[in-house]
Structures are given as structure tokens and as C-alpha cells.
Amino acid sequence: MIVVGLTGSIGSGKSFIINFFKSKQIPIYCADNEVKKILDKDVYTKRKIIKIFPSACVNKKIDKNKLSSIVFNDKKKLKKLESIIHPKVGKTKKNFLFLHKKKKSPIVVLEIPILFETKGHKNCNYTILVTVTKKEQLKRIMKRKNMNREKLNMIMKNQMPEKRKKKLADFVINNSFSKKKTLKKASSILNKILSTDL
């Protein structure tokens, strides 16, 4: 089974590439979705987080925007949160890979925003980095709810510089151009991956 790691900064358009892979019936693992599920449904983890970050709790629920404002401003707090969430996310990823190995899926895609930062690329056969120009990135992100320049800067500060990511990635998709051009590049990369003997 070929394991492809897909990553990219916020606003790079990873979802568009993911939808392309989905259209090819490729199983997708999305780390962000798993984090949301853990924060919403894992009672033990929720209690643990609320105990450490009580101000992130609103009506007995974790307010994700408040939580991100707290941790992205403080590296120690971010590390603390990651030490609680990452092992849980790692477990769901392990289960996903085990299931698809059992199903004999020929290829799977792991969408992980901090793939290189967490050294997750070491467990992938190939990695794809989705990039975008700063201007286009800003335009896309500012359209999002609960997003501002300050929050964006805090998120970017905690991510590896794109220059380093480009050196680590096997393939790079520049998603600043037309959808047609992006899909052509994604299709070409997929064909290359599928035609390679591991």
C-alpha cells in the first residue's frame, strides 16, 4: 500500500487537492477532522483540556477559537495541548492505515497540516506540498470566519518555513493558478506515484 502525505500552509487549497483524490476513490485521512472529533466527542480529553485551559470552555464545550488564541500565543501552552491531542490523533491514523492495509487499498492519502513539523513524512512513501502565493493566501484566509491577520501570523509562526518544506517534499503543487492547471499537476503527480515500483 502506497502512503502519500499531503500538507500545506493554511489557505493553500489542500481541500481542493483532497477532493481530486476523493474523485479517484482514494481513501483520505484528515488530521484536522480527527482533532475536531476528539475535541467534540472524547469526554476524557475534553475534561483534561478544560482543566488546563478553563478559559477555552464555553457552555461545557471547548471553544476552538478561544483555545487556538490561547495556545498560538504561547509555545509552552501549545506544546502542552499537543502532548494531549497528538497521541490521540496518532492512534486514529494508525487505525486508518491498519484498516486500509487489511482492505488491500493500493494507495491512501494522509492530509496532515503539520506533516513535516511532526516528522510524519518519515512514515510516508511520498509527500506532496501544496503552496500558494502570499497574496492569494491572504485573500483566501481573510474570507474565513473568525480569522484576522494577527491570528494568521500566530498560526504561521508555529509552522515550518515553506522553503524548508519544499526541500523535504517529493512533489510540490503551486495552487496559485487556475483550477485546471492545478488539477493537471495533481493528476500528473498521481500517475507518477502509481507507476513507481516501491
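Residues numbered from 1 in each chain as written. Predicted model: local features only at pLDDT ≥ 70, side-chain atom pairs only at ≥ 80, totals over all residues. Heavy atoms only, no water.

1. Looking at the overall build of the protein
Piece 1. Looking only at helices and strands, one finds nine helices and seven strands in the protein.
Piece 2. Overall, the C-alpha framework of the protein stretches about 50 × 45 × 25 Å when taken along its three principal axes.
Piece 3. A buried classification covers 43% of the 198 residues belonging to the protein.
Piece 4. Taking as baseline every contact in the protein between residues at least 6 positions apart, the subset at least 24 positions apart corresponds to 73%.
Piece 5. Carbon and sulfur atoms make up 54% of the accessible area of the protein, which amounts to about 12,200 Å² in all.
Piece 6. With 50 positive and 14 negative side-chain charges, the protein shows a separation of 1 Å between the mean positions of the two kinds. (Helix = DSSP H or I, 4+ residues; strand = E, 2+ residues; numbered from the N terminus. Buried < 20%, exposed > 50% of the residue type's maximum accessible area, 1.4 Å probe, protein only. Contact = heavy atoms within 4.5 Å. Areas by Shrake-Rupley, 256 points an atom, 1.4 Å probe, with all protein chains shown as cover. Lys, Arg positive; Asp, Glu negative; His and termini not counted. Charge placed at Lys NZ, Arg CZ, Asp CG, Glu CD.)

2. Some details on the pattern of salt bridges
Piece 1. The final tally for this structure, using the stated rule, is six salt bridges.
Piece 2. With a closest N to O distance of 3.0 Å, Lys64 and Asp40 form a salt bridge. With Lys64 in helix 4 (residues 64-71) and Asp40 in helix 2 (residues 31-41), this residue pair connects regions lying 24 residues apart in the sequence.
Piece 3. With relative accessibility at 42%, the residue Asp40 sits in the partly exposed group.
Piece 4. Where salt bridges share partners, they join Glu136, Lys139 and Arg140 into one cluster. (Salt bridge = Lys/Arg side-chain N within 4 Å of Asp/Glu carboxyl O.)

3. Section: the packing of helix 1 (residues 14-23) against helix 9 (residues 179-194)
Piece 1. Remark: helix 1 packs on helix 9, axes separated minimally by 10 Å, with the N-to-C direction vectors making an angle of 55 degrees. Here helix 1 is positioned oblique relative to helix 9, judged by the angle of their axes. Both helix 1 and helix 9 take part in a crossing whose hand is right-handed. Counting all contacts with helix 1, which are made through Phe16, Ile17, Phe20 and Phe21, the residues of helix 9 involved are Lys179, Thr182, Leu183, Ala186, Ser187 and Leu190.
Piece 2. Classifying every residue of the contact of helix 1 with helix 9 by side-chain character gives seven nonpolar, two polar and one charged. (Axes fitted to C-alpha atoms, helices over the stretch in contact; angles between N-to-C directions. Parallel < 35°, antiparallel > 145°, perpendicular 65-115°, else oblique. Left-handed = near helix turned anticlockwise from the far one by under 90°. Nonpolar A, V, L, I, M, F, W, Y, C, P; charged D, E, K, R; others polar.)

4. A short note on the packing of aromatic side chains
Piece 1. As enumerated under the stated definition, the model contains three aromatic pairs in all.
Piece 2. For the ring pair Tyr29 and Phe96, a centre distance of 5.5 Å and an interplane angle of 50 degrees mean the geometry is tilted. Linking Tyr29 in strand 2 (residues 28-30) with Phe96 in helix 5 (residues 75-102), this pair joins segments that are 67 residues apart in sequence. A single burial state applies to Tyr29 and to Phe96, both of which are buried.
Piece 3. Between Tyr126 and Phe171, the ring centres sit 6.1 Å apart and the planes meet at 40 degrees, which makes this aromatic pair tilted. Here Tyr126, found in strand 6 (residues 126-131), pairs with Phe171, found in strand 7 (residues 171-174); they are 45 residues apart in sequence, far enough to count as distant. (Phe/Tyr/Trp six-rings, centres within 6.5 Å; stacked < 30°, edge-to-face > 60°.)

All quantities given are derived from atomic positions and should not be read as evidence of function.
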